[in-house]
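# Topology and contacts: notes
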Amino acid sequence: DAWYHEAVDFVLARGYMNGMGNGKFAPKGALNRAMMVQVLYNMQGRPESDGELTFHDVSEDEWFFEAIDWAYENEIVEGYSAERFGPRNPITREQMMVILYRYTELIGGNTTANGDLSQFVDGNKTSAWALEAMRWAHRIAGGQGQRRSGSHRYPQPSCRGGTGTAALLLLH
C-alpha cells in the first residue's frame, strides 16, 4: 500500500498514463517533459494539432510530437528557446506545476493561487516564473508537505518531478 497506489490505479484505468512497458509503472522514476505533456494530451482525448512546431529537438516521427505540438499550440508549454524544447529532459517540479496550472486554465479549472509557500524552509527558492503555479499546487494539495524539525518542507522546486507525484496530482 504505497502512497502512490490509488493515484497510479486512477491514471492507468483512464489511459492517462501507460507505464514503462512490460507491466511496469516506475512511480519513483523521473518523468521527462515529453511524458508530462503526453499525459495531458491523453487526458484531452488526443486532439488534432496544427503540426507546425519550430523545436529542432522534436521531430514528426517521435512518439511525443503530436502531444508537444498540441500543448505548445494551446500555450500549455514553452520551449527553452524557439528552437529547443528538451523533450527528454527530466521535468522539474516547477516546470510540472506550471504545465499543470496552464492546463487547468485551458480546461476552465480553478487556478486561484493562494497557497503560502513561506511556511516551507525552501519556499523562498521558488523561481519567479513558477511562483503562482507553485502557490496553486500547494493549495490544491491541501497544504501537504513533509515535516522536518517542526517545520514544513516543501519538495525543492528545482528537484525532479516523479511519475508518482504526477499521478497523485492528477488524482486531485
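Residues numbered from 1 in each chain as written. Predicted model: local features only at pLDDT ≥ 70, side-chain atom pairs only at ≥ 80, totals over all residues. Heavy atoms only, no water.

### Considerations on a negative patch on the surface
Residues Glu48, Glu60, Asp61 and Glu66 make up a contiguous surface patch of negative charge. With respect to the helices and strands, the residue Asp61 is situated in the loop between helix H2 (33–43) and helix H3 (65–73). (Patch = residues over 30% accessible without salt bridge, like charges linked within 9 Å, V, L, I, M, F, W, Y side chains within 5 Å. Areas by Shrake-Rupley, 256 points an atom, 1.4 Å probe, with all protein chains shown as cover. Salt bridge = Lys/Arg side-chain N within 4 Å of Asp/Glu carboxyl O. Lys, Arg positive; Asp, Glu negative; His and termini not counted. Charge placed at Lys NZ, Arg CZ, Asp CG, Glu CD. Helix = DSSP H or I, 4+ residues; strand = E, 2+ residues; numbered from the N terminus.)

### Observations regarding the environment of Ser59
By the element assignment, Ser59 lies in the loop between H2 and H3. There is a polar contact of 2.4 Å between the side chain of Ser59 and the side chain of Asp61. (Polar contact = N/O pair within 3.5 Å; in protein donor to acceptor, adjacent residues only side chain to side chain.)

### Describing the pattern of salt bridges
This model, assessed by the stated rule, comprises two salt bridges. Between Glu62 and Arg88 there is a salt bridge whose closest N-O contact spans 2.8 Å. One end of the pair, Glu62, is in the loop between H2 and H3; the other, Arg88, is in the loop between H3 and helix H4 (93–106), with 26 residues separating them in the sequence.

### Side note on helix H5 (residues 131–140)
Of the residues making up H5, those classed as buried are Ala133, Met134, Trp136, Ala137 and His138. Tucked inside the fold, the buried residues of H5 contact H4. (Buried < 20%, exposed > 50% of the residue type's maximum accessible area, 1.4 Å probe, protein only. Contact = heavy atoms within 4.5 Å.)

### Here we look at the packing of aromatic side chains
Under the defined criterion, the tally for this structure stands at five aromatic pairs. With centroids separated by 5.8 Å and ring planes inclined at 50°, the aromatic side chains of Tyr41 and Trp70 adopt a geometry described as tilted. Of this pair, Tyr41 sits in helix H2 while Trp70 sits in helix H3, and the two are 29 residues apart along the sequence. Of the residues examined, Tyr41 reaches a relative accessible area of 4% and is grouped as buried. For Trp70, a relative accessible area of 4% translates into the label buried. A centroid spacing of 5.6 Å and a plane angle of 75° characterise the contact between Tyr101 and Trp136, whose relative ring orientation is edge-to-face. On the criterion of sequence distance, the pair formed by Tyr101 in helix H4 and Trp136 in helix H5 is long-range, its members being 35 residues apart. The pair formed by Tyr101 and Trp136 is uniform in burial state, with each residue classed as buried. In textbook terms, an aromatic cluster arises when at least three aromatic residues are bridged by ring pairs, as seen for Phe55, Tyr72 and Phe85. (Phe/Tyr/Trp six-rings, centres within 6.5 Å; stacked < 30°, edge-to-face > 60°.)

### Comments concerning the confidence of the model for the protein chain
Of the residues in the protein chain, 67% have a pLDDT of 70 or more, and the chain-wide mean is 78. Within the protein chain, no element has a lower average pLDDT than strand S1 (residues 146–148), which sits at 38, and none a higher one than H3, at 96. Taken together, the stretch residues 145–161 has pLDDT below 50 and engages in 46 contacts with residues farther than four places along the chain or on a different chain. (pLDDT = per-residue confidence, 0-100.)

### Description of unusual backbone geometry
Most peptide bonds adopt trans geometry, and most residues besides glycine take a negative phi value. Its identity is not glycine, yet Arg46 carries a phi of approximately 55°, on the positive side. Its location among the elements puts Arg46 in the loop between H2 and H3. You will see that Glu75, though not glycine, has its phi angle at about 60°, which is positive. Structurally, Glu75 can be placed in the loop between H3 and H4. A relative accessible area of 64% places Glu75 in the exposed class.

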